[in-house]
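# Descriptive structure summary
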Amino acid sequence: MLEAADVRVTIGGTPILHGADITVSQGELVAVVGPNGAGKSTLARAAAGIQKLSGGDVRWDGQDVRRLRGRALARLRAFVPQRPRVPAGLTVRDAVRIGRSPHVGPLQRPTAADREAAERAIERAGVERFADRMLTTLSGGELQRVQIAVGLAQDAPVLMADEPTSSLDLGATVSVARLLRRLADDGLGVFLVVHDLALAAAVADRVVVMSEGRTVASGPADSVLDSERLAEVWDVDASVEAGSQGQTALRVSWLGDQKTTGGSS
């Protein structure tokens, strides 16, 4: 569904991306990882058609992102931002129904089919029990699941989530990670920007590693997140390890001794 090649972005005269590449297919969860400033979120925004390209090529279902506008683009990809705006006066159900906007024409009202689609999104995201609460009363984990529900209401074949677990505690992080993995297993393409290497290794079909505005590796976690690449890209003595029960852990040599800092998922 998504093919991005040699993506280049310059902001305020400063080159941010110097040639980044990524593909995402339906039913595939692709995790983009890299150090702070590597260009992960910029790549996500450029691929989503939010950030203007300086060069390169981004295509959604074969269509040039620069020629896609508004509702046409929103029907191909749903974008969950890193810091979503939380408007006052809206319930969860109200917010999810807004996600149907790409399917509602100008001056038209949502149909029964649109309302049913919003309810399906609420169910898929697992937010039924607080669907009638105000957005401003939700915890960080609850709000993140609602933002995913809003994206699901678009009925787009790819969901893009920019650091959805960055401010969540362990329990909420695991909950969101399991949700994204389940959505991919159900046939949705998922583009996930994440800092947590153990989480990426646990849930992703493929991991894309970025460094200094470029894609430097792409493949299964066990092949691209080896000790040599962690040393090269993050400048640390570390390893990502997988357990027999699906757990993953990041082992880092903090002060010369290796200690486990990752959790299971």
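Above this text you will find the structure in question.
So, here's what we can say about the structure. (Residues numbered from 1 in each chain as written. Predicted model: local features only at pLDDT ≥ 70, side-chain atom pairs only at ≥ 80, totals over all residues. Heavy atoms only, no water.)

### Let's talk about the packing of helix H5 (residues 140–153) against helix H6 (residues 170–185)
We count it as follows: As a rule, the C-alpha atoms of each element are fitted with a line to give its axis, helices using only the stretch in contact, and angles between N-to-C directions run from 0 to 180 degrees. Only DSSP runs of H or I with at least four residues qualify as helices, and only runs of E with at least two residues qualify as strands; both kinds are numbered from the N terminus onward. An angle below 35 degrees is read as roughly parallel, one above 145 as roughly antiparallel, one from 65 to 115 as roughly perpendicular, and any other as oblique. Two helices crossing with the near one rotated counterclockwise from the far one by less than a right angle form a left-handed crossing, whereas a clockwise rotation gives a right-handed crossing. Residue contacts follow a heavy-atom distance rule, with two residues in contact if any of their heavy atoms lie within 4.5 Å. Charged means Asp, Glu, Lys or Arg here, nonpolar means Ala, Val, Leu, Ile, Met, Phe, Trp, Tyr, Cys or Pro, and polar covers whatever is left, Gly included.
Look at H5 against H6: their axes get within 9 Å of each other, and the N-to-C directions meet at 15°. Judged by the angle between their axes, H5 and H6 are roughly parallel. Note that H5 runs across H6; the crossing there is right-handed. Counted together, Gly141, Gln144, Arg145, Ile148 and Leu152 of H5 and Ala172, Ser175, Val176, Leu179, Leu180, Arg182 and Leu183 of H6 form the full contact between these two elements. Taken together, the residues of the contact of H5 with H6 break down into 7 nonpolar, 3 polar and 2 charged.

### Some remarks on the layout of surface pockets
Here is the rule: Method remark: on a 1 Å grid restricted to protein atoms, a set of points is classed as a cavity if a 1.4 Å probe fits but cannot get out and as a pocket if it is open with protein on both sides within 12 Å along at least five of seven lines; lining residues have an atom within 4 Å of a point. Grid points are joined across faces, edges and corners, and a volume is the space filled by probe spheres set on the points.
The space that makes up the second largest pocket amounts to roughly 380 Å³. In this structure, the second largest pocket is lined by 15 residues; those nearest its centre are Arg85, Ala95, Ile98, Gln147 and Val150. When contributions to the lining of the second largest pocket are tallied by element, the ones reaching two or more residues are strand S6 (77–80), helix H3 (92–98) and H5. Looking at the lining of the second largest pocket element by element, the count peaks at 3 residues for H5. Here the residues of the lining of the second largest pocket sort into 9 nonpolar, 5 polar and 1 charged.

### Describing helix H4 (residues 112–125)
Formally: Every helix has an expected span of 1.5 Å times one less than the residues it contains. Each residue is assigned to one of three classes by its accessible area relative to the maximum for its type, calculated with a 1.4 Å probe on protein chains only: buried under 20%, partly exposed between the two thresholds, exposed over 50%. Directions are taken from the helix axis to each C-beta atom, and the arc is the one they span.
Between the first and last C-alpha of H4 there are 20 Å, a value that for 14 residues agrees with the 20 Å anticipated at 1.5 Å per step. When we look at burial in H4, the residues that qualify are Asp114, Ala117, Ala118, Ala121, Ile122 and Ala125. Buried positions in H4, seen along its axis, are confined to an arc of 145° and lie on one side of it. Those residues of H4 hidden inside the fold are in contact with H3, H5 and H6. Positive phi shows up at glycine 126, right after H4, with a value of about 70°.

### A closer look at the pairing of strand S3 (residues 29–33)
Along a regular strand, successive side chains alternate from one face of the sheet to the other. Applicable threshold: Any two strands with at least two DSSP-identified bridges between them are counted as paired.
Judged by how many residues are buried, S3 sits mostly within the fold: 5 of 5 residues are covered. Residues Leu29, Ala31 and Val33 line one face of S3 and the alternating positions Val30 and Val32 line the opposite face, and both faces are buried. Where S3 lies against strand S8 (residues 189–193), 4 bridges are found, and the strand directions are parallel. Pairing of alanine 31 across the sheet is with leucine 192, part of S8. Across 4 bridges, the pairing between S3 and strand S9 (residues 206–211) is parallel. The residue bridging valine 32 from the neighbouring strand is valine 208, located in S9.

### Observations concerning the side chain of serine 211
Position of serine 211 relative to the elements: it lies in strand S9. Given a relative accessible area of 16%, serine 211 falls into the buried group. Aside from chain neighbours lying at most four places away, what touches serine 211 is Ala38, Val216 and Val233.

### So, the pairing of strand S7 (residues 158–162)
Quick reminder of the rule: With strands facing away from the observer, any crossover in which the path from the first strand over the helix to the second runs clockwise is taken as right-handed.
Taking burial as the measure, the 5 residues of S7 include 5 buried ones, the bulk of the element. Judged by which residues are buried, S7 turns out to be covered on both faces: Val158, Met160 and Asp162 on one side and Leu159 and Ala161 on the other are all buried. Sheet topology places S7 next to S8; 5 bridges connect them, and they run parallel. Note that in S8 the partner of methionine 160 across the bridge is phenylalanine 191. The parallel pair S7 and S8, bridged by H6, forms a crossover whose chirality is right-handed.

### Points about the nonpolar core
Within soluble globular proteins, side chains that are nonpolar generally end up buried alongside one another. Our working definition: Buried Ala, Val, Leu, Ile, Met, Phe, Trp, Tyr and Cys residues form a nonpolar core when they are joined through side-chain atoms within 4.5 Å.
Within the largest apolar cluster, 55 residues are counted, with the highest numbers of intra-cluster contacts made by Val96, Leu180, Leu192, Val207 and Leu225. Those residues within four positions of leucine 225 in sequence are excluded, and the remaining contacts are Val33, Leu197, Ala201, Val207, Val209, Leu230, Trp234 and Val240. Membership of the second largest hydrophobic core comes to 30 residues, among which are Val32, Leu73, Leu76 and Met160.

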